[in-house]
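Examining the three-dimensional arrangement
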Amino acid sequence: MIDPPHAVGERSAVRLPPGRLTLEPVLDALVADGLLDTGQADRARVSGRHGRGLEAVHPLVLLANLKLPSARVPGTDLGLEQLTEWLAEASGHPYRRIDPTRLDVAGVTELISHAYARRHRILPLEVSGDHAVIATSEPMALDWLPDLQRLLRRRIDLVVASPLDLHRYTMEFFGVTRSIRGARDVREEGAAPSFEQLVELGRSGDVNADDHHIVNIVDWLLQYAYGQRASDIHLEPRRDVGRVRFRIDGLLHKVFEMPPPVMSAVVSRIKVLGRMDLGERRRPQDGRIKTRSPGGSEVEMRLSTMPTAFGEKCVMRIFDPDTAFKPIEQLGFDDAEAAAWNALVQQPHGIVLVTGPTGSGKTTTLYSALKRLATPDLNICTIEDPIEMVSPEFNQTQVHTAIDLTFASGVRTLLRQDPDIIMIGEIRDLDTAQMAVQASLTGHLVLSTLHTNDAPSAVTRLLDLGLPHYLIASTLNGVLAQRLVRTLCPHCKQPRTVPDEAWQALLGDGARPPAGDTQGAVGCLECRNTGYLGRVGLYELMPVTPALRARIRPDMELAGFSAAAREGGLRTLHAAGAAKVAQGLTTVEEVLTVLPPRE
């Protein structure tokens, strides 16, 4: 974070002249305000004189590209954000970082035309009954303001935004709005069965999934989701208007709306890209898309469609390889947990389970472990439903129940493929559990997942499936239970004392809270005013020791087994969450939203 903007009354005596910003007066004002020294300003002038075609480049963008050292904040460059905050301070208007997920794109693009927005370097951000918030990167050129205020019949509140953000979102939002308008006046024939069928006489035509407007909308949607760090894209048809939502850090955010015919065509376009049956709209389907991020790296998306009351709903899960194959140390393991986990997965044979609910990061943990184990002298095979991330180091097989390729039959086949390590996507039934045991007894390391609340519950879950207790005791090496919690935004979090009642809710009565510097959520533009940015794992690692093996019996009581595990050094998920709170990474409230209730 840079220094907070000075009060308006503390601005330098050098005033920016009215009209479009140019390099010379901007440099003079920056020197007067102490952000640049005269030598740096002379260097910038030389660069400006020798640059070609720079007349249309905003002077702040030109200065940010020079990476001049900041005289106000030693050791840092004078970046575009710091320059934009300075411009807001110098012009007397608030600074605003544009959060595209908070904009009503359809509403703000109806206020002004694309040409008008580009000519004056402005973009509406909010619209209400009596006022509008408009962002500008030219706060000294406001000749358009009186006319627009009369035209809109609203009070206009000005804010200053980054020139690059303003240009980018102006191009994107007006472009996608133009594409939607190009397709909205026609309806799709042969659309998916709707709960309410409305027949409009005299209207015909269709929205082709290959129409260039639809192609533009889908391309923009995929790039937009990746840029906003979304893990899932939800396309949800409704009676009057379809909505698009992104899941970011575990929470859904509504980001866009489009007419039902356009929504249906967008879903059709996505089905085409995912090589799904375009004519089948009554049954759920699955597919995959491989695309590229704005940075050029490959990104895989898993598709799922489902018929709903008003058309096909589509969910796309985004698998970023940079996230799926993170090193163990970056997933949230502390040093002791990382060492114990690495020792567990490096054993030559046995079963290692990762447990937790859907979306708790189990697959990421397994992929990261397999990536670490993958060497040219090992044969690593997986059987998954579906294959979530393709990796060249593994031999991956997709479950296909239509041809009787199940987890159990897949493992049976893998045993004839000379594997060293087998990863089973999930143990769902007795047949799969028996094949996992068979693989471990024949000298293979087996990694898999279960859906249980904590690590000790995995043993009772295997017993419930029907596995004999002696096979569980002889093959199970360890269990890792995990959850994902949102981490506090590093840009705005502030020290906060956690009340005793909160610690008691997390750790139980009489437990001593861990020592540390606790922090609280505040909210800023960086985190969309949620107070949280990113997620980290909570882990409960239970190696199956000889003492625990002796307790695995057909009539085993979970409470006694869990108590024995804690006596043997098991750190529970609640204790792991408390440690993250004490480190200032998250809050008690956030941890309690993802953990099972205390007994």
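Every residue gets a number counted from 1 within its own chain, in the order that chain's sequence is written. pLDDT decides what is reported in this predicted model: residues at 70 or higher carry local features, side-chain atom pairs at 80 or more are listed and counted, and totals for whole chains, interfaces and linings draw on all residues regardless. Here the side-chain values reflect all heavy atoms present in the structure, with hydrogen atoms and water set aside.

Quick look at the pairing of strand 2 (residues 131–136)
Just so we agree on the cut-off: Exposure classes here rest on a 1.4 Å probe applied to the protein chains alone. A residue is buried below 20% of its type maximum, exposed above 50%, and partly exposed in between. Helix and strand labels come from DSSP, where a helix needs a run of H or I of at least four residues and a strand needs a run of E of at least two; each type is numbered from the N terminus. Two strands are counted as paired when DSSP detects at least two bridges linking them. When the strands point away from the viewer, a crossover counts as right-handed if the path from the first strand over the helix to the second runs clockwise.
Within strand 2, 5 of the 6 residues are buried, leaving the element largely enclosed by the surrounding structure. In this sheet, strand 2 lies alongside strand 1 (residues 122–127) in antiparallel orientation, the contact comprising 5 bridges. Residue pairing in the sheet places Ile-122 in a bridge with Thr-136 of strand 2. A loop of 3 residues connects strand 1 with strand 2, the two strands running antiparallel in sequence. Pairing between strand 2 and strand 3 (residues 155–160): 6 bridges, direction parallel. What sits directly across from Val-133, in strand 3, is Asp-157. With respect to chirality, the unit in which strand 2 leads through helix 7 (residues 145–152) into the neighbouring parallel strand 3 is right-handed.

Focus on helix 16 (residues 457–465)
Taken across its 9 residues, helix 16 has 7 buried, putting it largely inside the fold. When we look at burial in helix 16, the residues that qualify are Ser-457, Ala-458, Val-459, Thr-460, Leu-462, Leu-463 and Leu-465. Note on helix 16: the residue one or two positions beyond its end, Gly-466, has a positive phi of about 115°.

Concerning helix 21 (residues 573–582)
Convention followed: Throughout, a residue-residue contact means that at least one pair of heavy atoms, one from each residue, lies within 4.5 Å.
Burial of helix 21 is extensive: 9 of the 10 residues sit out of reach of the surface. Leu-573, His-574, Ala-576, Gly-577, Ala-578, Ala-579, Lys-580, Val-581 and Ala-582 are the residues of helix 21 that are buried. Tucked inside the fold, the buried residues of helix 21 contact strand 15 (476–488), helix 18 (500–507), strand 18 (532–543) and helix 22 (588–594). Just downstream of helix 21 lies Gly-584, where phi reads positive at about 80°.

Regarding the side chain of Lys-580
Keep this limit in mind: Residues scored as positive are Lys and Arg, those scored as negative are Asp and Glu, and His as well as the terminal groups of each chain are ignored. One speaks of a salt bridge when a side-chain nitrogen belonging to Lys or Arg is within 4 Å of a carboxyl oxygen belonging to Asp or Glu. Pairs of N or O atoms within 3.5 Å make up the polar contacts considered here, provided that, within protein, one atom can donate a hydrogen while the other can accept it, and that residues adjacent in sequence are counted only when both atoms are side-chain atoms.
Assignment of secondary structure puts Lys-580 in helix 21. Despite its burial, Lys-580 pairs with no opposite charge; the closest candidate is Glu-337, at 5.0 Å N-O. A distance of 3.1 Å separates the side chain of Lys-580 from the backbone oxygen of Gly-332, its partner in a polar contact. Here Lys-580 is in contact with Gly-332, Val-536, Gly-537, Leu-538, Leu-585 and Thr-586, once residues within four sequence places are set aside.

Comments concerning the environment of Thr-308
Here Thr-308 lies in strand 8 (residues 298–308). Separated by 26 residues in the primary sequence, Thr-308 and Arg-282 place their C-alpha atoms 9.1 Å from one another.

Quick word on the packing of aromatic side chains
To keep it simple, the criterion reads: Note on aromatic contacts: the rings of Phe and Tyr and the six-membered ring of Trp form a pair at centre separations within 6.5 Å, being stacked when their planes are under 30 degrees apart, edge-to-face when over 60 apart, and tilted otherwise. Lysine and arginine charges are scored as sitting over a ring when NZ or CZ, respectively, is within 6 Å of the ring centre and within 35 degrees of the ring normal.
By the definition in use, this model includes 9 aromatic pairs. Relative to Trp-341, the ring of Phe-333 has its centre 6.4 Å away and its plane inclined at 20°; by these criteria the two rings are stacked. Accessibility classification places Phe-333 together with Trp-341 in one group, the buried group. Residues Tyr-367 and Phe-394 carry aromatic rings whose centres are separated by 6.3 Å and whose planes lie at 15° to one another, so their mutual orientation is stacked. Here Tyr-367, found in helix 13 (residues 362–373), pairs with Phe-394, found in the loop between strand 11 (380–384) and strand 12 (395–398); they are 27 residues apart in sequence, far enough to count as distant. By relative accessible area, Tyr-367 is classed as buried at 1%. Among the residues examined, Phe-394 registers a relative accessible area of 6% and is labelled buried. It is Arg-486 that lies over the ring of Tyr-532; its NZ or CZ is 4.2 Å from the centre.

Some thoughts on the nonpolar core
Rules: In this description, a nonpolar core means a group of buried Ala, Val, Leu, Ile, Met, Phe, Trp, Tyr and Cys residues linked to one another through side-chain atoms lying within 4.5 Å. Each domain's limits were defined by an automated method or a database of domain assignments.
In this structure, Ile-233, Leu-235, Val-244 and Phe-246 are the most contacted members of the largest nonpolar core, which totals 59 residues. No other element matches the 8 residues that helix 9 (residues 212–227) contributes to this core. Formed jointly, this core draws a minimum of three residues from each of two domains, domain 2 (105–176) and domain 3 (195–320). When sequence neighbours within four positions are dropped, the list of residues in contact with Leu-235 reads Leu-221, Arg-243, Val-244, Met-263, Val-266, Val-267, Ile-270, Glu-312, Lys-313, Cys-314 and Met-316.

Section: the sheet that holds strand 3
Counted only if it meets this: Think of each axis as a best-fit line through the C-alpha atoms, taken over the contacting stretch in the case of a helix, with angles from 0 to 180 degrees between the N-to-C directions.
The strand order across the open sheet formed by 3 strands is 1-2-3, and the pairing between neighbours is mixed. Either end of the sheet is taken by a strand with one partner, and the two such strands are strand 1 and strand 3. The mean inter-strand angle of the sheet, taken between neighbouring strand axes irrespective of direction, is 30°. Sheet contacts for helix 7: strand 1, strand 2 and strand 3; angle to strand 3, the most-contacted strand, approximately 135°.

Quick notes on the state of the cysteines
Cut-off, in case you're wondering: To count as a disulfide, a pair of cysteine sulfur atoms needs to be within 2.5 Å.
Inspection of every chain in the model, using the stated rule, returns 0 disulfides. Distance from the sulfur of Cys-489, which forms no disulfide, to the nearest cysteine sulfur (Cys-524) is 3.7 Å. Sulfur of Cys-527: no disulfide; nearest cysteine sulfur belongs to Cys-524 and is 3.9 Å away. On the accessibility criterion, Cys-527 (3% relative accessible area) is buried.

What to know about the sheet that holds strand 13 (residues 421–424)
Here 7 strands make up an open sheet; going across it, the order is 12-11-13-14-10-15-18 and the pairing mixed. With partners counted over all chains shown, the strands left at the sheet margins are strand 12 and strand 18, one partner each. Adjacent strand axes in the sheet meet at a mean angle of 20° when their direction is disregarded. Each of strand 10 (350–355), strand 11, strand 12, strand 13, strand 14 (445–450), strand 15 and strand 18 touches helix 13; the most contacted strand, strand 14, lies at about 165° to it.

A word on the pattern of salt bridges
Scanning the entire structure with this criterion turns up 27 salt bridges. The shortest N-O distance in the salt bridge between Glu-81 and Arg-97 comes to 2.4 Å. Linking Glu-81 in helix 4 (residues 80–91) with Arg-97 in the loop between helix 4 and helix 5 (105–108), this pair joins segments that are 16 residues apart in sequence.

Observations concerning the UniProt feature "domain: Bacterial type II secretion system protein E" (unreviewed entry) in the chain
Defined as follows: UniProt positions are given in the numbering used here, feature names are shortened, and annotations may be inferred rather than shown by experiment.
Following the UniProt record, one finds the feature "domain: Bacterial type II secretion system protein E" (unreviewed entry) at residues 415–429. When the span residues 415–429 is considered, its composition is 0% helix and 27% strand, and the gap between its end C-alpha atoms is 19 Å.

Focus on the packing of helix 14 (residues 407–414) against helix 15 (residues 430–441)
Convention followed: Angles below 35 degrees are treated as roughly parallel, those above 145 as roughly antiparallel, those between 65 and 115 as roughly perpendicular, and all remaining angles as oblique. The hand of a helix crossing depends on one turn: near helix anticlockwise from the far one by less than a right angle means left-handed, and clockwise means right-handed. The residue classification treats Ala, Val, Leu, Ile, Met, Phe, Trp, Tyr, Cys and Pro as nonpolar and Asp, Glu, Lys and Arg as charged. All others, Gly included, are polar.
Viewed as axis vectors pointing N to C, helix 14 and helix 15 meet at an angle of 20°, and their least axial separation amounts to 8 Å. On the basis of their axis angle, the class for helix 14 and helix 15 is roughly parallel. Crossing of helix 14 against helix 15: the hand is left-handed. Of the residues in helix 15, those touching helix 14 at Phe-407, Ala-408, Val-411 and Arg-412 are Asp-431, Thr-432, Met-435 and Ala-439. Looking at the contact of helix 14 with helix 15, its residues break down into 5 nonpolar, 1 polar and 2 charged.

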